[in-house]
Amino acid sequence: MKKTILVVEDDDDLLMIYKEILELNKFDVHTAVNGQEGVEKFKEVQPSLVIMDGDMPVLDGYEAFNQIKKLDNNANVVIVTGMAEYEKKNQEAIKRGLIKVITKPLGIDQLVDLARKYSEIKLEK
């Protein structure tokens, strides 16, 4: 059984790179191009891990994270951002259950390690 990952990123090139790398490593990858679409995809596919950009149009990654946590308090969400981890916005999200903040750029090895570490297969409720 494949582990399902949702990648939410508004940069099309980066989105495709993440998707390709994760699929090469045997992950089932779904994508969204903004936070609102990410929340909808989360409801649909119930991924074991969400890797999300912090700064996106329509709905940013932080608000999308808040909505996802309301849907599933145990959701594994990582935000990739240009801001430092210690910035207030990131610290508040961590207090609410964000599992990690990663400062861009996200390297290939780091992406695969994250996927392996945090994509536990969820059992049906």
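For the structure itself, consult the block above.
Quick look at the structure, then. The structure displayed is predicted, hence computed values, not measured ones.

### Digging into the pattern of salt bridges
For step 1, the next point in the chain: Evaluated as defined, the whole model comprises five salt bridges.
For step 2, the next point in the chain: Two residues, Lys43 and Glu40, come together in a salt bridge whose shortest N-O distance is 3.3 Å. Remark: Glu40 and Lys43 occur in helix α2 (residues 35–45); sequence separation between them is three residues, near one turn of the helix.
For step 3, the next point in the chain: Relative accessible area serves as the criterion here: at 42%, Lys43 is assigned to the partly exposed category.
For step 4, the next point in the chain: A salt bridge links Lys88 to Glu92, with the shortest nitrogen-to-oxygen separation between them at 3.8 Å.

### Examining the pairing of strand β2 (residues 27–32)
For step 1, the next point in the chain: Relative to β2, strand β1 (residues 3–8) runs parallel, the two sharing six bridges. For Leu6, the partnering residue across the bridge sits in β2 and is His30.
For step 2, the next point in the chain: Running through helix α1 (residues 12–24), the crossover from β1 to the neighbouring parallel element β2 is right-handed.

Definitions and cut-offs
- Residues numbered from 1 in each chain as written.
- Predicted model: local features only at pLDDT ≥ 70, side-chain atom pairs only at ≥ 80, totals over all residues.
- Heavy atoms only, no water.
- Salt bridge = Lys/Arg side-chain N within 4 Å of Asp/Glu carboxyl O.
- Helix = DSSP H or I, 4+ residues; strand = E, 2+ residues; numbered from the N terminus.
- Buried < 20%, exposed > 50% of the residue type's maximum accessible area, 1.4 Å probe, protein only.
- Pairing = 2+ DSSP bridges.
- Right-handed = clockwise from strand over helix to strand, strands pointing away.

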